[in-house]
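This is what each chain is made of:
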Amino acid sequence: VDERGDFTYSGRIPIDQFVIGVSIGASATGFYFAFSANAGIVNESVGESPVVVFADKDTCVVHVFLRTPRAGRNSPSDLPDSLTFEITDTGEVRDVESGSTWDTEAGVAVAGPLKGTLLQRAPHVSALDWAWGDFNPHSVYWSDVLDTSE
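So, how was this worked out
Residues numbered from 1 in each chain as written. Predicted model: local features only at pLDDT ≥ 70, side-chain atom pairs only at ≥ 80, totals over all residues. Heavy atoms only, no water. Helix = DSSP H or I, 4+ residues; strand = E, 2+ residues; numbered from the N terminus. Polar contact = N/O pair within 3.5 Å; in protein donor to acceptor, adjacent residues only side chain to side chain. Pairing = 2+ DSSP bridges. Axes fitted to C-alpha atoms, helices over the stretch in contact; angles between N-to-C directions. Phe/Tyr/Trp six-rings, centres within 6.5 Å; stacked < 30°, edge-to-face > 60°. Buried < 20%, exposed > 50% of the residue type's maximum accessible area, 1.4 Å probe, protein only.

**Student:** Account for the side chain of Thr-88, with residues named and values stated.
**Tutor:** By secondary structure assignment, the location of Thr-88 is in the loop between β8 (85-87) and β9 (93-95). Side-chain polar atoms of Thr-88 contact the side chain of Thr-90, separated by 2.9 Å.

If you want it as structure tokens, here you go:
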């Protein structure tokens, strides 16, 4: 996937039309897959709910979680209100607040001060942007493009 997302899915549909649709309560956001995959990690909010989108551009696998940590087995009880995620130089995913590393498929901290802490999955769908918009006309769309006037 390049920065314009001009690859195609099954040779027919431009991949830049696909969104990762997340709807929580009365709020909805369509995260364009091409931009999300290029970023790898998107820390955003859907309405009042902080979410993280993990999108792998090589495998096209997507995981979406709420960024509000929950106590898990043997995890600390004093948890931050919200987490911000980043990719390290070695390709691991860690949270900025504690430096703990995370399994992005399971949504669990695997090392560091928050080891055992969990993230709740956020429901999402993959859809063409026009279809997502038909069912979620109040949706906003996210991309990492700040200036589209070019």
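**Student:** Go over the sheet that holds strand β3 (residues 18-24) with me, naming the residues and quoting the values.
**Tutor:** Two pairing modes exist for strands in a sheet, parallel and antiparallel, and in both the strands are linked by backbone hydrogen bonds. Ordered by their spatial adjacency, 4 strands build an open sheet running β12-β3-β4-β13, and the pairing between neighbours is mixed. At either end of the open sheet lies a strand with only one pairing partner, and these are β12 (124-128) and β13 (140-142). Across the sheet, the mean angle separating the axes of adjacent strands is 30° when strand polarity is ignored. Where strand β4 (residues 27-32) meets β13, 3 bridges bridge the pair, whose relative direction is parallel. Its bridge partner being in β13, Thr-29 is matched across the sheet by Val-140.

**Student:** Mind laying out the packing of aromatic side chains, listing which residues take part and the relevant values?
**Tutor:** Applying the stated criterion to the full structure yields 5 aromatic pairs. Summarising the aromatic geometry, the rings of Phe-31 and Trp-142 are spaced 6.1 Å apart at their centres and angled 45° between planes, so their arrangement reads as tilted. One end of the pair, Phe-31, is in strand β4; the other, Trp-142, is in strand β13, with 111 residues separating them in the sequence. Overall, the relative accessible area of 0% leaves Phe-31 in the buried class.

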